[in-house]
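# Working through the structure, step by step
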Amino acid sequence: MKNLDINLQICDHKNALQAFALKYTQDIDDANDLVQDTLLKAFRYSGLFKQGTNLRGWLFTILKNTYINEYRRIKRKENVIVQTEEISNQNLSNNAESNTCNSKFVTDDINKILSKLQPEYYTPFVKYFEGYKYQEIAEMLEIPIGTVKTRIHLARQILKSRLKVYAENMHEIVD
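The following paragraphs examine the structure supplied in this document. (Residues numbered from 1 in each chain as written. Predicted model: local features only at pLDDT ≥ 70, side-chain atom pairs only at ≥ 80, totals over all residues. Heavy atoms only, no water.)

### Points about the overall build of the protein
Counted only if it meets this: Numbering of helices and strands starts at the N terminus; helices are DSSP runs of H or I of at least 4 residues and strands are runs of E of at least 2. Burial classes follow relative accessibility: with a 1.4 Å probe on protein chains only, a residue under 20% of its type's maximum area counts as buried, one over 50% as exposed, and anything between as partly exposed. Residue contacts are defined here by distance: any two heavy atoms, one from each residue, within 4.5 Å place the two residues in contact. In these tables, accessible area is a Shrake-Rupley quantity obtained with a 1.4 Å probe, and a residue counts as shielded only by the protein chains included in the view.
Helix and strand counts for the protein come out as 10 helices and 0 strands. Across the protein, helices and strands are ordered from the amino to the carboxyl terminus as α-α-α-α-α-α-α-α-α-α. Counting over 175 residues, the protein shows a buried share of 22%. In the protein, of all internal contacts separated by at least 6 residues, the share reaching a separation of at least 24 is 60%. A total accessible area of about 12700 Å² is found for the protein, and carbon and sulfur atoms account for 53% of it.

Here it is as structure tokens:
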């Protein structure tokens, strides 16, 4: 009976929790998710609630802590170094900024490999690398967009396989 009473009391505060959550999230769906997480935690840990203390304050603390923990988790996730299998402008420019001596060698190697690519792979890849969209490249080269995507993908695979030594060195540096 005690558990049922506390659960009913917790449910009585749902509207206040939603208003409080909306102040944090500024989005109704996110606020509803936050309230749901808060209520689940409150039900799960209702045995830890001390009778005679402020239930509303306890619930608001759970909500606030849940929001803060989720915010921190998202920030940590954003700060994780993402390893992509594609060579992008940003990855190349970050590498070039880190060490000009090494970046010259890397750039020279990339240019050598690019120059050895067949023109049907080289041209779409370089256009894409310069920032053109697939559709724009397809129109420039007068070929189907699927062909453009395939050729860019194949050019990336060739670059990736021939630049494997740099990827292995980066893993050694990170480890």
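### Let's talk about the layout of surface pockets
The cut-off we apply is this: Note on definitions: the grid is 1 Å and covers protein atoms alone; a cavity is a set of points where a 1.4 Å probe fits but cannot get out; a pocket is an open set with protein on both sides within 12 Å along at least five of seven lines; lining residues have an atom within 4 Å of a point. Grid points are joined across faces, edges and corners, and a volume is the space filled by probe spheres set on the points. Classes in brief: Ala, Val, Leu, Ile, Met, Phe, Trp, Tyr, Cys and Pro nonpolar; Asp, Glu, Lys and Arg charged; the others, Gly included, polar.
The calculated volume of the second largest pocket comes to roughly 250 Å³. Tyr24, Thr25, Asp30, Asp33, Leu34, Asp37, Thr66, Tyr67, Glu70, Tyr71 and Ile74 are the residues that line the second largest pocket. Every element with two or more residues in the lining of the second largest pocket is listed here: helix H2 (14–25), helix H3 (28–44) and helix H4 (55–79). For the lining of the second largest pocket, the leading source of residues is H4, giving 5 residues. Here the lining of the second largest pocket is composed, by residue class, of 5 nonpolar, 2 polar and 4 charged.

### A short note on helix H7 (residues 119–129)
Quick reminder: α-helices carry 3.6 residues per turn. Residues three or four places apart thus point the same way. Here H7 has its buried residues at Pro124, Phe125 and Val126. A positive phi of about 110° marks Gly131, the residue just after H7.

### A word on a nonpolar patch on the surface
Spelled out, the test is: Residues forming no salt bridge and having over 30% relative accessible area are the ones grouped into patches, like charges within 9 Å of each other and nonpolar side chains (Val, Leu, Ile, Met, Phe, Trp, Tyr) within 5 Å. Any carboxyl oxygen of Asp or Glu within 4 Å of a side-chain nitrogen of Lys or Arg constitutes a salt bridge here.
Taken together, the side chains of Tyr132, Met140 and Leu141 present a nonpolar region at the surface, about 240 Å² in accessible area. Structurally, Met140 can be placed in helix H8 (residues 134–141).

### Description of the side chain of Ser46
The line we're drawing: What qualifies as a polar contact is a pair of N or O atoms within 3.5 Å, subject to a donor-acceptor requirement within protein and to the restriction that residues adjacent in sequence count only when both atoms come from side chains.
Structurally, the position occupied by Ser46 is in the loop between H3 and H4. Side-chain polar atoms of Ser46 contact the backbone oxygen of Phe43, separated by 3.2 Å.

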